[in-house]
Amino acid sequence: MVALSLPAPPRTSVLTDVGHVWWRETLTIVRDPFSLIFSLVQPLVFLGFFGPLLSGLAGDGALFGGSSLQWFLPGVVVMITMFGTSMTGANLQFEIMTGAFERMLATPLARSSLMVGRALKELTPLVVQAAIITLVAIPFGFVLYPMHVVVGLVMLGIFGVGVGALSYALAIAARKTEWIFWAVQQSLLFPLLILSGMMLPLETGPGWMQVVSKFNPLTYIVDAERVLFSGTFGSLTIVWGFVAALVTAAVGLFVGVRSIRKATI
Amino acid sequence: MIHTEALTRSFRVGKETIEAVRGIDLDVAEGELVAFLGPNGAGKSTTLRMLTSLLPPSSGSAQVAGVDVVAKPAEVRRRIGYIGQKDGAGHNYRVWDELVMQGRFYGMSKAQAVANGEDLLRTLDLDALRMRKVSTLSGGQKRRLDIALGLIHAPGLLFLDEPSTGMDPQNRANLWEHITRIREQRGTTIVLTTHYLDEADAMAERVVIIDHGRIIADDTADALKRKQAGDRLTVVVRPADADRTRGLLATEGSEPAEKPDPDGVALSIRVEAASHAMPGVLERLRTAGVDVLAASARQPTLDDVFLNLTGRSLREGES
Ligand SMILES: Nc1ncnc2c1ncn2[C@@H]1O[C@H](COP(=O)(O)OP(=O)(O)O)[C@@H](O)[C@H]1O
Ligand SMILES: [Mg+2]
């Protein structure tokens, strides 16, 4: 017997799918904007406490080539990107548990859109966060180069999708034991952040740290963001930043889509 | 609508291999309402997850809605609706948002998703809950939302995994009313799983009994009961009449089984259409001078069918 064929609804493009997944996630913020306000506090706290410490440390100018704020602020923006996108898997893990993820897997949504859409949702508040800490920093001597910052955010967006996808894959791999997700996420996040020179300059650190940092994609992102935030376009560092972002995104999506296909949720 | 050949699926857990599904051959025609009935762990969900392309089979093939599930899983997903065993709706989202977004996931326009969503809210009594967060809904309300999510794109083929589990009898009746109505309106083909005997019995036109990953029976509930178990006709007589009665009954149906009874002896036989056979049997017993003290005709249940096929009762495993 030949199985009867059913007509199908119109096919949607991957980008449309990404948009839909992103909007579903973003609705949680839209419906509960207070969650966003809380997420704004953290970067401000970082900026407010670390900034003065750094300028005291360096006597402003010597170590950071300009104001320490100009040096530190892009680092904070990278940090909140990492915090946000590396959590992509946490929400997912909850939805795997309840069954919502399986329901979405059964829809025609492109597999990659399930990850990209979620990662972009984690990046959405970032735009608001970046805008606010930048505005707050201006009275304290921060010089804003809007075009450069936009390019910097695009780079972070690409990078963040990659980190989000990896976090997503981690959540699927650790779907049966929740704590493993957190253990891995935490034990990777902080070394990566510190070994990128995000919080403190690595130039004064031991040699091995500087060597290890060369293998950390985040280092290239942080360096590129610093160049961009200082108002320069003509630097090879920016190209390397984009290379690191694109490689992270490609690896993340490859691993992520594979883990969705392989997993038996 | 569905055609499978020797579909199997095994899982590796540590060193052990679990053969969850061991060879399913199944054909489902357009418009059928089929229930997979079987105890927990029989392989019902695993079969359903293979048919919905969520799980690749270990071997065998399946065509669903005209599409091969292994070769073109994404095409299968576009043509079907699936309501899984767990909560489909995300706990941190609003009822209405989930419903509309689900329509968008299937490529529907906003207007179309809203129109169908409104319709479903009304038929499934969810209207008052539209702005509620899913986590605040009761079990029955969540289940009704899951059904709405599975129906938003009006699929021609719908899979439901234990749709009524955790619902009270009132909600179960409502749910079935909705499913029946949708089927009448749209001619939807429906495949569902259940471990509730009465549900499979009352609702499905075709019952596929699954045990240990295999189909052990496949027919209408009535035919299964008739062929696999048969009606039982029981009469109670005084011990003095027992021998004579036994002889007479043996000519009417199967070899009589005997059980003691407070009034005397209960003798029962398996006959076709027991309630119709009863007047004739009583007549002939009386003519032979047997004083019948009590009589009953009992139709078998699907549990009798399962017992007959496997030697186990389905009720034992029920929680
Ligand atoms: N993802 C999985 N990993 C390992 N074993 C599984 C998995 N899914 C199902 N099984 C096993 O396969 C068997 C059939 O399960 P299932 O199809 O869920 O049964 P049912 O739905 O009939 O209760 C069970 O023994 C179950 O433990
Ligand atoms: Mg099941």
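These figures come from a predicted structure and were not determined experimentally.

### A few points about the interface of chain A and chain B
Interface size is commonly expressed as the accessible area that is lost once the parts come together. Between chain A and chain B, the contact holds 37 residues from the first and 40 residues from the second. Linking chain A with chain B are four salt bridges. Salt-bridge contacts for R31 of chain A lead to D97 of chain B; the nearest nitrogen and oxygen are separated by 2.7 Å. For the interface between chain A and chain B, the tally reads 14 residue pairs in polar contact (both at pLDDT 80 or more). Those elements giving two or more residues to the side of chain A that touches chain B turn out to be α1 (14–31), α4 (88–98) and α5 (100–105) of chain A. For the side of chain A that touches chain B, a count of residues per class yields 21 nonpolar, eight polar and eight charged.

### With respect to the coordination of the magnesium ion (ligand 2)
All names here are of chain B. Looking at the magnesium ion (ligand 2), one finds its protein donor set to be S45 (OG) and Q85 (OE1), positioned 2.0 to 2.6 Å from the metal centre. In this pair, S45 sits in helix α1 (residues 44–51) while Q85 sits in the loop between β6 (80–83) and α3 (95–105), placing the two residues 40 residues apart along the sequence. Of the residues examined, Q85 reaches a relative accessible area of 44% and is grouped as partly exposed.

### Focus on the pattern of salt bridges
Scanning the entire structure with this criterion turns up 31 salt bridges over all chains. For R238 of chain B, the salt bridge is made with D291 of chain B, and the minimal N-O distance between the two is 3.1 Å. Residue R238 of chain B is located in the loop between β11 (231–237) and α9 (242–250), and its partner D291 of chain B is located in the loop between α10 (274–287) and β14 (294–298); the two are separated by 53 residues in the primary sequence. Given the relative accessible area of 39%, D291 of chain B is considered partly exposed. Where salt bridges share partners, they join R24, E25, E95, R103 and R118 of chain A together with E98 of chain B into one cluster.

### A few points about the sheet that holds strand β12 (residues 257–261) of chain B
All names here are of chain B. In spatial order, the strands read β12-β13-β11-β14; together these four strands make up an open sheet with antiparallel pairing. Looking at the sheet topology across the chains shown, the edges are occupied by β12 and β14. Taken pair by pair, the neighbouring strands of this sheet meet at an average axis angle of 20°, ignoring direction. Pairing of β12 with strand β13 (residues 264–271), which is carried by five bridges, proceeds in the antiparallel orientation. In the strand pairing of β13, K259 is matched with A266. Packed on one face of the sheet, α10 meets β11, β13 and β14 and runs near 30° to β11.

### A few points about the site of ligand 1
The local shell around ligand 1 holds 13 residues, among which G41, G43, K44, S45 and T46 of chain B are the closest. Positioned at a junction of chains, ligand 1 has nearby residues supplied by chains A and B. G43 of chain B is positioned such that a nitrogen or oxygen atom in its backbone is 3.0 Å from an oxygen atom of ligand 1. Between ligand 1 and T46 of chain B there is a distance of 2.5 Å, counted from an oxygen atom to a side-chain nitrogen or oxygen. Elements represented by at least two residues in the shell around ligand 1 include exactly β1 (2–13), β2 (16–28) and α1 of chain B. The dominant element in the shell around ligand 1, judged by the number of residues it contributes, is α1 of chain B, at three residues. Across the shell around ligand 1, the residue classes break down as six nonpolar, six polar and one charged.

Calculation criteria
- Residues numbered from 1 in each chain as written.
- Chains lettered and ligands numbered in written order.
- Predicted model: local features only at pLDDT ≥ 70, side-chain atom pairs only at ≥ 80, totals over all residues.
- Heavy atoms only, no water.
- Contact = heavy atoms within 4.5 Å.
- Salt bridge = Lys/Arg side-chain N within 4 Å of Asp/Glu carboxyl O.
- Polar contact = N/O pair within 3.5 Å; in protein donor to acceptor, adjacent residues only side chain to side chain.
- Helix = DSSP H or I, 4+ residues; strand = E, 2+ residues; numbered from the N terminus.
- Nonpolar A, V, L, I, M, F, W, Y, C, P; charged D, E, K, R; others polar.
- Donors = N, O, S within 2.8 Å, 3.2 Å for Na, K, Ca; no water.
- Buried < 20%, exposed > 50% of the residue type's maximum accessible area, 1.4 Å probe, protein only.
- Pairing = 2+ DSSP bridges.
- Axes fitted to C-alpha atoms, helices over the stretch in contact; angles between N-to-C directions.
- Near = heavy atom within 4 Å.

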